[in-house]
Number of protein chains: 2
Amino acid sequence: MAIKTILSEDKLPTRWYNIVPDMPEGSLSPPLNPGTGKPIGPEDLSAIFPMSLIGQEVSAEQYIDIPEEVYEIYKLWRPTPLIRALQLEKALDTPAKIYFKYEGVSPAGSHKPNTAVPQAYYNKEAGIKRIATETGAGQWGSAMALATQMFGMECTVYMVKVSFNQKPYRRSMMEVWGAEVLASPTDRTQSGQKILAEDPESLGSLGIAISEAVEDAATHDDVNYSLGSVLNHVLLHQTIIGEEAQLQMEMAGDYPDTVIGCIGGGSNYAGLCFPFMRDRLAGGKDIQFLAAEPTACPTVTKGSYTYDFGDTLQSTPLMMMHTLGHDFVPPGIHAGGLRYHAMAPLISALVDSGNMDAVAYTQNQIFEAAILFARTEGIIPAPEASHAIKAAIDKAVEAREAGEEKTILFNLSGHGYFDMSAYDQYLSGKLEDYAYPEEKIRESMEKIPKLG
Amino acid sequence: MAIKTILSEDKLPTRWYNIVPDMPEGSLSPPLNPGTGKPIGPEDLSAIFPMSLIGQEVSAEQYIDIPEEVYEIYKLWRPTPLIRALQLEKALDTPAKIYFKYEGVSPAGSHKPNTAVPQAYYNKEAGIKRIATETGAGQWGSAMALATQMFGMECTVYMVKVSFNQKPYRRSMMEVWGAEVLASPTDRTQSGQKILAEDPESLGSLGIAISEAVEDAATHDDVNYSLGSVLNHVLLHQTIIGEEAQLQMEMAGDYPDTVIGCIGGGSNYAGLCFPFMRDRLAGGKDIQFLAAEPTACPTVTKGSYTYDFGDTLQSTPLMMMHTLGHDFVPPGIHAGGLRYHAMAPLISALVDSGNMDAVAYTQNQIFEAAILFARTEGIIPAPEASHAIKAAIDKAVEAREAGEEKTILFNLSGHGYFDMSAYDQYLSGKLEDYAYPEEKIRESMEKIPKLG
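Residues numbered from 1 in each chain as written. Chains lettered and ligands numbered in written order. Predicted model: local features only at pLDDT ≥ 70, side-chain atom pairs only at ≥ 80, totals over all residues. Heavy atoms only, no water.

Q: Would you mind showing me how to read the relation of the copies chain A and chain B here?
A: Mapping one chain copy onto the other needs a rotation about an axis and a shift along that axis. The two copies are related by a screw motion: chain A maps onto chain B through a turn of 180° and a shift of 0.0 Å along the axis, at an RMSD of 0.0 Å. On the angle and the small slide along the axis, the relation comes out as a two-fold axis. In this assembly, 100% of the residues forming the interface of chain A have copies in chain B that are likewise at the interface, indicating an isologous arrangement. (Least-squares fit on C-alpha atoms with pLDDT ≥ 70 in both. Contact = heavy atoms within 4.5 Å.)

And the structure:
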């Protein structure tokens, strides 16, 4: 059973940690304007983001204060528990200690509100009335619906049509929080109209939904766009997870040898691991960092580290990152939050500089781990988070075989209560293990722009 | 926004509170054997319950220690937070302070595991290998699946067929926790066979499912039956909620004028309010107790206080309680957990002795309250718990109108993440307000047995 370490409220960290000034010398490359090939400036982003967030995107300050108004909303679910998985340890018969930080206690059920709330706040401060954003499986859209509702703002969510039809409950959740949810492609934007003209039956894609939301923001003065991962300021906001975990590990009288998380765009893992990475980069601590991704979308384990677009329609700046190519569309795995073609530049640079390792798992591997976790620790994990569980279990088994008393810490980024049909498929033996999509990856990698 | 009062783990209450010795003189009437009309003895229950639970059912001790093994599992999610709903207060512009205790943080999403865990534990101690139980909407079945899994026991859940078909995700949840879930009526029991012989297409009912589970337990030596509400020992286990809330209110420097909860069988409200009722009955404190129920199943507000059966098929002892008649079947409201025809004898006696009031609400009233709550406090509440929210809002508005600084405490017994289709119906204006089923109630009341 579990030992739950609870921070008292007066110990809630009051600052986010910005890893940029601590990154290895020369490991970061600036985003480029695809037209000029030159580094972009704040003005390139100001049509869709407020200056305060652009400032955080490029900040060289090591710490940034959490505004009081954000802190007040965080307290609806933060601090989140740090839990020692004693029963899982027992089931694995391992000498390793396994801790996890549980972000599924937020009202939206994942870590996403950690950044949705400050993004809504800074936009409201800048006089913005409405946020336009996209959502695939619905995690990000529901976090933004919650956040805008808390600040009395409007929210328009462009939800990929296939998910809009298949996941009506995530849509209802956003509507409960007052958001307008549209099945993308819509006829509200030129991007959507163009797609519908070509294919009136189009079921949409994340790339199309991003284009619609960005266009909505760019063409309305009082509307901005919001992104749920990848960018520096998003990862910054998530560090509240790791800052709490540092205090909680101290309360538990322990410190991790290995810090684990799943990666899609990279934000939940960055959130947990950056404060520990600070101890490695600036403090020289010997910690292993392990990121887990799906074999069906093996961005870091199989992708290139190069400049590429953040979206399919090539509307973003070029970023230096691990990528499978901007028009790579992965198979329809249940871990919808990990189906992004690229990786946050900060995470990519840490892998490239040898500070972080990555590993990839199949669907059946991660659901096997998820079931063991649910049957020992009670919580039914999201398929995304189950990649981290699988990596933690593997590390604990390794420790058993080596007879070593390792301390493992992982991020349980969300619960799986909206993913029960995936569990059904697994339990009835019908879950597909997509073969590594080698051909598709080769094709899309060829479309990565060649620079210089 | 919220103030969250978190108990440190070393303050987790270690005893349950048994209200029986503090009940008003002469307010309790013993359960009767329907055959003899005489009070039942332990032997009448020993075929389906372990002696330790039968002992708790009739105990005169004021406190009962929580076994270490149960305490260890409670710590997976307990202590649960006590939250001050500052943003809801602001929206209501009320001088009242509104606190709620949040039981939705348990892995099963409700208060039900508070009793499922000790019931599994005591049965395991008694050498029982498998628990047979019934479930309607799935809350109780999933709590018992979780609890038995934690103790390495087997679990068979007879799930009402109409829910089995309509709520596949609750079923999946139970299967993730290793339970066998059967669509009732089944052909495994004589009760089920009898129903199927009459109507092969029967969609089942809670009454039939109870009969199947009881028969399964009664006909197998190493199998026992388990009930999720109504009985004294079930309410006893739930008092962990109120014992924590007492400590947390003290930490917050406050004390409630009004204590509110929703009632179906009565267990979640009993859990929160009994420790405060102790302060009224034994300590003379002036506290108002208010129980909220659906107008579609108005057990306390419209039922009789008399001896009746706990199940449709008349297989239980006769209990003195508020009842709409044992074959009353309420309309299919979304608050499935409040569709029971009767009320816990302890709750009924408190109402009858003038220590507790009750109020009834329609579906649209409670969903209106639920939406306001979700949009202010973030959490999407279960339809059952929304009855308590509605009552708390009404009390807060009353305080505003009277210009009084009242302190209101209610139990938020579960989250609504498995109830999004109900929210959909409400938001699209399609939610039905069932008329008070006067005719049906009159008919079923006529079938209540006449004694003496």
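Still to come is the rest of the account.
Q: Teacher, can you tell me more about the packing of aromatic side chains here?
A: Remark: the centre distance and the inter-plane angle together describe each pair of aromatic rings, the angle taken between the planes. The final tally for this structure, using the stated rule, is 24 aromatic pairs over all chains. Judged by centre distance (5.1 Å) and plane angle (85°), the ring pair of F367(A) and Y423(A) falls under edge-to-face. Here F367(A) is found in helix α15 (residues 363-377), whereas its partner Y423(A) is found in helix α17 (residues 420-427), with 56 residues between them in sequence. Ring geometry for F49(B) against Y225(B): centres 6.2 Å apart, planes inclined by 55°, an arrangement best described as tilted. Residue F49(B) is found in the loop between β2 (15-17) and α1 (51-57), and its partner Y225(B) is found in strand β9 (residues 223-225); the two are separated by 176 residues along the sequence. Relative accessible area serves as the criterion here: at 7%, F49(B) is assigned to the buried category. The rings of F100(A), F373(A) and F410(A) are connected pair by pair, giving a single aromatic cluster. When the ring centre of F418(A) is taken as origin, the NZ or CZ atom of R170(A), which lies over that ring, is 4.5 Å away. Here the basic side chain of K285(B) rests over the ring of Y255(B), its NZ or CZ set 4.0 Å away from the ring centre. (Phe/Tyr/Trp six-rings, centres within 6.5 Å; stacked < 30°, edge-to-face > 60°. Helix = DSSP H or I, 4+ residues; strand = E, 2+ residues; numbered from the N terminus. Buried < 20%, exposed > 50% of the residue type's maximum accessible area, 1.4 Å probe, protein only. Lys NZ or Arg CZ within 6 Å of the ring centre and 35° of its normal.)

Q: Mind showing me how you'd approach the sheet that holds strand β9 (residues 223-225) of chain A here?
A: Backbone-to-backbone hydrogen bonds join strands into a sheet, with any given pair of strands oriented parallel or antiparallel. Residue and element names in this part refer to chain A. Overall, parallel pairing links the four strands, which are arranged β8-β7-β6-β9 in an open sheet. On the outer flanks of this sheet lie β8 (180-184) and β9, each paired with one strand and no other. Recorded for the sheet is a direction-independent mean angle of 25° between the axes of neighbouring strands. The pairing of strand β7 (residues 154-160) with β8 spans five bridges and is parallel. In the strand pairing of β8, V160 is matched with S184. (Pairing = 2+ DSSP bridges. Axes fitted to C-alpha atoms, helices over the stretch in contact; angles between N-to-C directions.)

Q: I would appreciate a short explanation of the sheet that holds strand β6 (residues 130-135) of chain B in the present structure.
A: All names here are of chain B. With respect to topology, four strands assemble into an open sheet ordered β8-β7-β6-β9, the strand pairing being parallel. On the outer flanks of this sheet lie β8 (180-184) and β9, each paired with one strand and no other. The mean inter-strand angle of the sheet, taken between neighbouring strand axes irrespective of direction, is 25°. By the bridge criterion, three bridges tie β6 to β9 in an arrangement that is parallel.

Q: Sorry if this is basic, but what is going on with the interface of chain A and chain B here?
A: With 45 residues of chain A at the interface, the matching set in chain B holds 45 residues. Across the chain A to chain B interface the summed buried area is about 3800 Å²; carbon plus sulfur atoms make up 61%. The tally of links between chain A and chain B comes to two salt bridges. Where D424(B) meets R171(A), a salt bridge forms, and the shortest distance between an N and an O atom there is 3.8 Å. If you list the elements that add at least two residues to the side of chain A that touches chain B, you get β1 (2-5), α2 (68-74), α5 (139-150), α7 (168-176), α15 and α17 of chain A. Looking at the side of chain A that touches chain B residue by residue, the class counts come to 26 nonpolar, nine polar and 10 charged. (Buried area = accessible area lost by both parts, 1.4 Å probe. Salt bridge = Lys/Arg side-chain N within 4 Å of Asp/Glu carboxyl O. Nonpolar A, V, L, I, M, F, W, Y, C, P; charged D, E, K, R; others polar.)

Q: How should I be thinking about the pairing of strand β5 (residues 97-102) of chain B in this particular structure?
A: Two faces make up the sheet, and in a regular strand the side chains alternate between them. Residues and elements named next belong to chain B. Counting buried residues along β5, six of its six residues qualify, which places the element largely inside the surrounding structure. Covered by surrounding structure in β5 are K97, Y99 and K101 together with I98, F100 and Y102, the residues of both alternating faces. As judged from the three bridges shared by strand β4 (residues 82-85) and β5, these two strands associate in the antiparallel manner. Bridging across to β5, L82 finds its partner in K101. Across six bridges, β5 lies against strand β15 (residues 407-412) in parallel orientation. When the bridges of β15 are listed, Y102 appears paired with L412.

Q: Please explain the environment of Y74(A) as it appears in this structure.
A: Residue and element names in this part refer to chain A. Examined against the element boundaries, Y74 turns out to sit in helix α2. With a relative accessible area of 0%, Y74 lands in the buried category. For Y74 and S353, which are 279 residues apart along the polypeptide, the C-alpha to C-alpha distance reads 33 Å. Residues in contact with Y74, not counting those within four places in the same chain, are W16, I66, P113, N114, V117, P118, H237 and I240. A polar contact of 3.3 Å, which involves the side chain of Y74, links it to the side chain of W16. (Polar contact = N/O pair within 3.5 Å; in protein donor to acceptor, adjacent residues only side chain to side chain.)

Q: Just to check I follow, could you spell out the pattern of salt bridges for this structure?
A: When the charged atoms of two side chains lie near each other, side chains of opposite charge can form a pair. Counting across every chain of the model gives 30 salt bridges over all chains. Across the pair R130(A) and D216(A) runs a salt bridge, and its minimum N-O distance is 2.9 Å. Note that R130(A) is positioned in strand β6 (residues 130-135) and D216(A) in helix α9 (residues 206-218), a separation of 86 residues in sequence. One salt bridge connects R278(B) with E243(B), and the closest N-O pair in it is separated by 2.9 Å. Within this pair, whereas R278(B) is found in helix α12 (residues 267-281), its partner E243(B) is found in helix α11 (residues 240-251), the two being separated by 35 residues in sequence. On the accessibility criterion, R278(B) (10% relative accessible area) is buried. Residues participating in the shared-partner salt-bridge network are R78(A), K101(A), E103(A) and E244(A).

Q: Honestly, the state of the cysteines in this entry has me stumped. Any pointers?
A: Should the sulfur atoms of two cysteines be covalently bonded, the bond is a disulfide. Tallying each qualifying case throughout the model produces zero disulfides over all chains. The cysteine C262(B) is free of any disulfide, with C273(B) supplying the nearest cysteine sulfur at 12 Å. (Disulfide = S-S within 2.5 Å.)

Q: Is there a simple way to explain the pairing of strand β11 (residues 288-294) of chain B in this structure?
A: Residues and elements named next belong to chain B. Burial analysis of β11 places six of its seven residues in the buried class, which makes it a mostly covered element. The pairing of strand β10 (residues 258-262) with β11 spans five bridges and is parallel. Across the sheet, residue T258 finds its bridge partner in β11, namely Q288. Between the parallel elements β10 and β11, the chain passes through α12 in a crossover that is right-handed. Two strands pair when backbone bridges link them, and β11 and strand β14 (residues 357-361) are joined in this way by five bridges, in the parallel orientation. The residue of β14 that forms the bridge with L290 is D357. (Right-handed = clockwise from strand over helix to strand, strands pointing away.)

Q: Help me understand unusual backbone geometry, please; the structure alone is not making it clear to me.
A: Glycine aside, residues mostly have negative phi, and peptide bonds are mostly found in the trans state. Residues and elements named next belong to chain A. Going from S184 to P185, the amide bond is cis rather than trans, its omega being 10°. Positionally, P185 belongs in the loop between β8 and α8 (190-198). Its identity as a non-glycine residue notwithstanding, D93 has a phi of 50°, on the positive side. In this structure, D93 sits in the loop between α3 (86-92) and β5 (97-102).

Q: Mind showing me how you'd approach helix α12 (residues 267-281) of chain A here?
A: Given 3.6 residues per turn, any residue in an α-helix points the same way as the ones three and four places further on. Within α12(A), the axis deviates most sharply at C273(A), by approximately 45°, and proline P275(A) lies no more than four positions further along. In terms of burial, α12(A) is a largely internal element, 13 of the 15 residues being buried. (Bend = angle between axes of the 7 residues up to and from the residue.)

Q: So what exactly am I meant to see when it comes to α11(B) here?
A: Residue and element names in this part refer to chain B. Between its first and last C-alpha, α11 extends 17 Å over 12 residues, near the 16 Å set by a 1.5 Å rise per residue. Most of α11 sits inside the fold, with nine of its 12 residues counted as buried. Listing the buried residues of α11 in full gives I240, I241, G242, E243, E244, A245, Q246, Q248 and M249. (Expected span 1.5 Å × (residues − 1).)

Q: So what exactly am I meant to see when it comes to the nonpolar core here?
A: In globular proteins that are soluble, nonpolar side chains generally tend to be buried together. Grouped together as the largest cluster of nonpolar side chains are 133 residues, with contacts concentrated most on F274(A), M356(A) and F410(B). No other element matches the nine residues that helix α16 (residues 383-402) of chain B contributes to this core. When near neighbours in sequence (up to four residues on either side) are disregarded, F410(B) contacts I98(B), Y99(B), F100(B), K101(B), I260(B), L272(B), F373(B), A388(B), I389(B) and A392(B). L92(A), I389(A), Y74(B) and L272(B) belong to the second-largest nonpolar core, a separate cluster that totals 132 residues. (Core = buried A, V, L, I, M, F, W, Y, C linked by side-chain atoms within 4.5 Å.)

Q: I'm lost on the side chain of S59(B) in this one. Help?
A: Tracing the backbone through its elements, the reader meets S59(B) in the loop between α1 and β3 (63-65). Look past the residues within four positions of S59(B) in its chain and what remains in contact with it is N18(B), V20(B) and I64(B).

Q: Help me out: how do you make sense of the side chain of E384(B) in this one?
A: Residue and element names in this part refer to chain B. Looking at the element boundaries, E384 is found in helix α16. Buried charge without a salt bridge: E384, with K167 as the nearest opposite-charge side chain at an N-O distance of 6.8 Å. There is a polar contact of 3.2 Å between the side chain of E384 and the backbone nitrogen of G336. Leaving out residues up to four positions away in the same chain, E384 has contacts with C262, H334, A335, G336, G337 and L338. (Lys, Arg positive; Asp, Glu negative; His and termini not counted.)

Shape descriptors only; they carry no functional weight alone.
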